[in-house]
Amino acid sequence: MRITSIRERPEYIPALLTSLEEHWPACMPWIKKHMEQVLRTGGPMPDAYIAVEGVKVVGGYTLAYKEILWSQDTGLWIATLYMDPAFRGRHLSPVLIDHARRRGWELGEEKIYLASEHTNYYEKFGFHTIGPDACAWGEPTQMFEADTLPPEACLPAA
């Protein structure tokens, strides 16, 4: 599986949007707006990454700075972390999560956040719950935090 920014491979955006629309229709206005912002800005943020296996888009995630609801601070957030249902169960989501945490480190961040209604999942990958959050589309969720990862933290042990 290759992970790349949509800035580098914008031709994959329609396939990603089609897959996301099928599974997350309520999120599509925000996702489309985010993709447009990524393509308009020179970077490094916001950004969106796609996971490609062969020539098929199998997943992806977005990264953006946004406010932390209960504070005046902003943080780096993983959003719309997605894996095509046909590719779930192959342990590819952890690869995307590690990629996001490494990108956070490269951007000089110590922490990275995400919001999800899934409990007992992200904790397996170093996240811990830090409080309630409300998703952009209004559904109640939990806010999770993890340390970013230096590049060597993700290399296989020798």
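Residues numbered from 1 in each chain as written. Predicted model: local features only at pLDDT ≥ 70, side-chain atom pairs only at ≥ 80, totals over all residues. Heavy atoms only, no water.

Looking at the overall build of the chain
Helix and strand content of the chain: 3 helices and 7 strands. In sequence order, the chain lays out its α and β elements as β-α-α-β-β-β-α-β-β-β. Taking all 158 residues of the chain together, the buried fraction comes to 44%. Across the chain, the fraction of contacts at a sequence separation of at least 24, relative to all contacts at a separation of at least 6, is 60%. Total accessible area on the chain is roughly 8,500 Å²; 53% of this is exposed by carbon and sulfur atoms. (Helix = DSSP H or I, 4+ residues; strand = E, 2+ residues; numbered from the N terminus. Buried < 20%, exposed > 50% of the residue type's maximum accessible area, 1.4 Å probe, protein only. Contact = heavy atoms within 4.5 Å. Areas by Shrake-Rupley, 256 points an atom, 1.4 Å probe, with all protein chains shown as cover.)

A few points about the pattern of salt bridges
Following the criterion strictly, the structure yields 7 salt bridges and no others. Close ionic contact of Lys111 with Asp147 constitutes a salt bridge, the shortest N to O distance being 2.4 Å. Separated by 36 residues along the polypeptide, Lys111 in strand S5 (residues 111–116) and Asp147 in strand S7 (residues 140–147) bring together distant segments of the chain. A relative accessible area of 30% places Lys111 in the partly exposed class. Judged by its relative accessible area of 40%, Asp147 is partly exposed. (Salt bridge = Lys/Arg side-chain N within 4 Å of Asp/Glu carboxyl O.)

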